[in-house]
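Results of the structural survey
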Amino acid sequence: MIELTINGKKVKTEKGKTILQAALSNGIKIPNLCYDKRVVPFGGCRVCVVEIEGQRKLEASCATLAGDGMVVLTDTPKVRRARQAVLEFMLVHHPLDCPVCDKAGECDLQELVYEYGKPDGRFVREKKHSPPDTKGPLVELTANRCILCGKCVRLCSEYQGRGALGFIGRGFSTVVQPAFGEAIECDYCGQCIDICPTGALLNKSFKYKARPWSLEEKDTICPFCSCGCTLTLGIREGKILRSRGKEDLGVSGGNLCGRGRFGFDYIYSENRLKTPFIRKEANLEPSTWDEALAYISDRLKYILSNANGSESVGAIGSHRCTNEDNFMLRKFMQNVVGSDNMDSSSALGFSRVRKALNMVFGLKDHTIDMKSPIGKDVILIIESDLSVTHPVFGLNILKAKREGAKLIVADSKETKLTKHSTQWSRIKQGTGVAFLNGIMKVIVDKGLFNREVASGITGFSELEKSLEAYSPEKVTEITGISSEELIGAAETLAKAKSRILSFTLSPSENTKCIDTILAASNLVILLGEGPESLQIPAEYANTYGAYSMGIRPDAGKSEGKNLFDMLYVSGSINALYIMGEDPVSVLPYKSRIIKTLKSLELLIVQDIALTETAKLAHVILPASSWAEKDGTFTNAEGVTQRVYKLIDSTGEALPDWQILRNLSSAMGTDMAAGTLEGLSNEIKKTIRSEKATSNKRTFHPVLYSRGEEPDNEYPLSLVTRDILQHSGTMSTRSKTLNLVSSEAIIEMNERDAKRFGISDNSHVKVISRRGAVYLRAAVSDEVPDGAVYVPAHFPHSGISTLTSPSIHGGIAMETVRVEAA
Amino acid sequence: MRVEDLDVNEMIGDVGKIICEHDRKKGVLIHAFQKIQQDYGYLPGEVLMTLSKKLSLPLAEIYSVASFYKQFHFSPRGKKVVRVCMGTACHVRGAKNVLNALEDEFGIKQGETTDDLAMTLETVGCVGCCGLAPVATINEDVVGDIGKKKLELLVKAIKEEEK
Ligand code: SF4
Ligand code: SF4
Ligand code: SF4
Ligand code: FES
Ligand code: FES
């Protein structure tokens, strides 16, 4: 710690901090335009100049280290004059078109000029005339408003790891632009919009929608992935007009990805449900709430009155709904129906993580720590692109790498993480388990672990035996990477002082399975570490929460029916209540699910929009969207955060928990918790968080097995992978996100494209053993030979027609053939 | 040079030992540009794209560095590069007329290249022989004292096929 005096006040700061940082962290404001704590100081704008005692020159406080005993003055006449001059220069070319600039009112430049500027500049120069560059879909660039502070350039390249923008040209004609002045083609995170201190970079979807001062801003939690970022929503006249991140706010510190920033308009999609519907013959007809509830009540009571009645009713909960909604569903099932048949789509994701970690460590909980990558020696990623599925967690991985961590990525596809990796082991799709086993084999053979400790753990000899089959040569055969690469990775990992293994598991990705978790756990235990070295985030905004609320078959006294029973086995149940989920689009093997759902006596679907599943229902109940109700979400870190009712419900839609409460009353059971508050209290009493510490360790050796083998008829593996612009299927209802990506594009390598006579951007027919769909193809060198890659987000692209789930938890990689269409 | 074969460590030499990987890659850019320009006469977009992949540096960063230097070009250049001096001395002695005349004759503006890639017309600030003003250069050759007569010769020299 060092001590310095700023404006007569003694302040302390860490060694290595700049004067500006010392001041800001002690509540002293120094104006700045090119400083941002996420990027390396630049010292370009000079408005942060200060006087330092004993120095004749003014110094830029953002680029000068604080020294012990330094005496700094930040607001003297000399300093003010300098700032005034600097601003005067900045305005020489600036168009000062504040009346038509969306930034006006929250523009750093405007505010500083207002404080320090002079009414007239001494310079008369031609103003720059450059029409806004509106070529990009989401970000608009008006070069003449740019003061070349370089924050966007540095943020995009250093922090986001993208580098879509550069300073182009030199001298007066320098502009900030993408390469060759072409349309911005990037991650569309919009982080550069937030960081720009002027109106040069603007949110195109918000353009001319409202003056910032006419917006009411409210904070809530992002409805998409499980990072749980805080969105600051701008609302006017009851409509959400924009979303932005605010510095230091929430778990992400104000960072957002493009989904959180641009995707909220999914709630304004055209097919939002406004009234209940009841099926009359073949048609779904609008009804009143009373009719709908009475109808459900009658039919459900009838079904319940049969022998084993309650056994024949099931429910599916949702990561899109709040904890309160999910808890109410559980209460409804347990108290009104009397059944434990409950599950959610996380049966193919987070539930498997929980199950595996319970087997290995005896854990009853699993959270990640989004900051866990920071400061680690080695980060190992298995077949995942966390920068896509969990973008803000991904930023921390990149940050750790910048600060010196070794990043080893085992993945078949080129991703942002592989681009930034220290070692990219391009294993074949779906061979992560073999790779992990191979690493363990090297560690065991070379004695890179504490044998004494490890051999005392249950299952060690079995593990050692199972690894026999994973010699480097054998692993090379399976994964396609060289033995040297494998040995190198094993050594780096084993010799590191600290490490994490991270990957994702979700219904929309098919190259990993429960075995991947077990293999990764074995590796972690072998190296003498515990579950904190495994960072496997829950998938979506409230996946973790829904699970904790007991939306799973084993939450009650008896083991209920699970997702597979309810959706893939006809006749397993007679009635199904689906809240906030669209299994037909989201889950693999569409035709089977449709068949099961059609065989039901009663299908109730409660959702915000007319989904593919809702179209099959006997009754549809309209639910309020995430911004239309109060409640809580719990993110992958296990942090429970409030989401707020910010706007009125659409039509007659009601919050999910209220619908269930009303239905319970209609069926003659009054739920004790009639209010949200009562419900929260009950949750607090019922759901005890079992904090995860356990010393139990067991090896669970797993063998590598793959899904379908490619053959002559179906020569390609089909890999489903998420894309950055979407999270789950709801985001595909966002018009703004769809400007970037609105359909599933099938990516294939040039060699395969040639082999099957397919050209870039053409349409192809993709055929699997389960069905066929037509998709647009992209020829890409990011993907390897022998496999095609598609995202499963888009309901209308019908990827779930092609895929199938693995009921026992193994890899469910399909094979397909492609034909030019 | 094939961009794919570029060896960063060899090109950067001993300095590479003391700077970080990113700086090594960035440091090698100018050399790479020069070599590419030698081979192609300019920096073609696709080649820069390959370079960007090869070095895993973002294209915008590469383009940013290249666009800083006047010596690098992003479109094909003519066989003959004609530079009309617009320095002070030449300006006073009628450089503007020379430029206008050439622009009219070849139907291109300064900074442009004729469609048949025969000639690129540029301006330059003082080539260092003000005594001969107004001056123009054709590739490496200097033509001075450009009056009416000389102008015709200049045009002829430009049109002349290269031997
Ligand atoms: S939107 Fe994100 S990726 Fe695109 S230019 Fe801006 S900061 Fe870079
Ligand atoms: S566009 Fe904005 S952030 Fe980027 S350099 Fe210009 S003023 Fe700075
Ligand atoms: S999708 Fe995830 S990373 Fe993106 S803003 Fe929302 S919570 Fe944050
Ligand atoms: S903030 Fe210090 S020079 Fe810009
Ligand atoms: S001004 Fe033209 S040569 Fe010097």
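Residues numbered from 1 in each chain as written. Chains lettered and ligands numbered in written order. Predicted model: local features only at pLDDT ≥ 70, side-chain atom pairs only at ≥ 80, totals over all residues.

**Overview of the site of ligand 3**
Near ligand 3 there are 14 residues, and of these C222(A), C225(A), C229(A), C257(A) and G260(A) occur at the shortest range. Classifying every residue of the shell around ligand 3 gives nine nonpolar, four polar and one charged. (Near = placed C-beta within 6 Å. Nonpolar A, V, L, I, M, F, W, Y, C, P; charged D, E, K, R; others polar.)

**Brief notes about the interface of chain B and chain A**
Every contact between the two is made by 10 residues of chain B and, on the other side, 14 residues of chain A. Element by element, the count of residues in the side of chain B that touches chain A is highest for helix 5 (residues 59-68) of chain B, at seven residues. Grouping the amino acids of the side of chain B that touches chain A by side-chain chemistry returns five nonpolar, four polar and one charged. (Contact = placed C-beta atoms within 7 Å. Helix = DSSP H or I, 4+ residues; strand = E, 2+ residues; numbered from the N terminus.)

**As for the sheet that holds strand 10 (residues 216-221) of chain A**
All names here are of chain A. Read across the sheet, three strands follow the order 10-11-12 without closing on themselves; strand pairing throughout is antiparallel. Whereas interior strands pair on both sides, the edge strands pair on one side only; in this sheet they are strand 10 and strand 12 (239-244). On average, each strand axis in the sheet is inclined to that of its neighbour by 35°, with strand direction left out of account. Here strand 10 runs beside strand 11 (residues 230-236); their pairing, made up of six bridges, is antiparallel. Paired with K218 across the two strands is L233, which belongs to strand 11. (Pairing = 2+ DSSP bridges. Axes fitted to C-alpha atoms, helices over the stretch in contact; angles between N-to-C directions.)

**Structural notes on the site of ligand 2**
Near ligand 2 you find 14 residues, and of these C146(A), C149(A), C152(A), C196(A) and A200(A) are the closest. Residue composition of the shell around ligand 2, by class: 11 nonpolar, two polar and one charged.

**Considerations on the domain arrangement of chain A**
Residues and elements named next belong to chain A. When cut into domains, chain A gives domain 1 (2-90), domain 2 (277-346 + 541-686), domain 3 (369-535) and domain 4 (716-820). Computed over C-alpha atoms only, the centres of domain 3 and domain 4 are separated by 26 Å. Between domain 3 and domain 4, the residue contacts involve 15 residues of the former and 20 residues of the latter. At the level of elements, helix 10 (386-389) and helix 18 (514-526) are the ones that each hand at least two residues to the side of domain 3 that touches domain 4. Residues that form the side of domain 3 that touches domain 4 fall into these classes: three nonpolar, seven polar and five charged. (Domains from an automatic or database assignment.)

**Comments concerning the pairing of strand 18 (residues 406-410) of chain A**
Residues and elements named next belong to chain A. Most of strand 18 is tucked away: four of the five residues are buried. In the sheet, strand 17 (residues 378-382) pairs with strand 18 via five bridges, with the strands oriented parallel. Pairing of V378 across the sheet is with K406, part of strand 18. Where strand 18 lies against strand 19 (residues 423-425), three bridges are found, and the strand directions are parallel. What sits directly across from V409, in strand 19, is W424. (Buried ≥ 20, exposed ≤ 12 C-beta atoms within 10 Å, placed from the backbone.)

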